[in-house]
Amino acid sequence: MTTERPINPVLKFVLEIGPIGVFFLVFQYGERLLEMPALAGLLGSLAGPEAAQGTNGPILLATALFMIAIALSLTVSWTLTRTLPKMAVVTGVVVAVFG
């Protein structure tokens, strides 16, 4: 039997809302971000070199970074509390499957 460890409410909020915040910020500023060679290269390696060139670039980049952010959030949550938030797990599975 595991007991949930207490976590700072601010950290809990950041872990739960942070990934979706990353998604919206990257989507909003995606065109500017894709001008950076490192991010364009990341997207090119994940979705093909033409992905960063088209109009779908910002949504593809936002989805890729959201997948990374949700994985980091779940890892940190598990490390600190030894439990996983149910909605974050469901979101992570849905994004991994459809992303």
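Higher on the page you've got the structure.
Reading the values: rules and limits
- Residues numbered from 1 in each chain as written.
- Predicted model: local features only at pLDDT ≥ 70, side-chain atom pairs only at ≥ 80, totals over all residues.
- Heavy atoms only, no water.
- Helix = DSSP H or I, 4+ residues; strand = E, 2+ residues; numbered from the N terminus.
- Expected span 1.5 Å × (residues − 1).
- Buried < 20%, exposed > 50% of the residue type's maximum accessible area, 1.4 Å probe, protein only.
- Arc of directions from axis to C-beta.
- Contact = heavy atoms within 4.5 Å.
- Core = buried A, V, L, I, M, F, W, Y, C linked by side-chain atoms within 4.5 Å.

Visitor: Looking at this structure, how should I read helix α5 (residues 86–98)?
Guide: Given 3.6 residues per turn, any residue in an α-helix points the same way as the ones three and four places further on. Taking 1.5 Å as the rise per residue, α5 with 13 residues should run 18 Å; its terminal C-alpha atoms sit 18 Å apart, in good agreement. If you check which residues of α5 are buried, you get Ala-88, Gly-92 and Val-95. Here the buried residues of α5 occupy an arc of 75 degrees about the axis, which is enough to place them on one side. Residues of α5 that are exposed and point over 90 degrees away from its buried face: Lys-86, Met-87, Val-97 and Phe-98. Check the buried side of α5 and you find it contacts α4 (57–81).

Visitor: I tried to follow the nonpolar core on my own but got confused; where do I start?
Guide: The tendency in soluble globular proteins is for nonpolar side chains to be buried side by side. In terms of nonpolar packing, the biggest core is built from eleven residues, these being Phe-23, Val-26, Leu-34, Leu-39, Leu-43, Ala-51, Leu-61, Ala-62, Leu-65, Phe-66 and Val-95. Only α1 (9–28), α3 (37–47) and α4 provide two or more residues apiece to this core. The leading source of residues in this core is α4, at four residues. Discounting chain neighbours no more than four positions away, the residues touching Val-95 are Phe-66 and Met-67.

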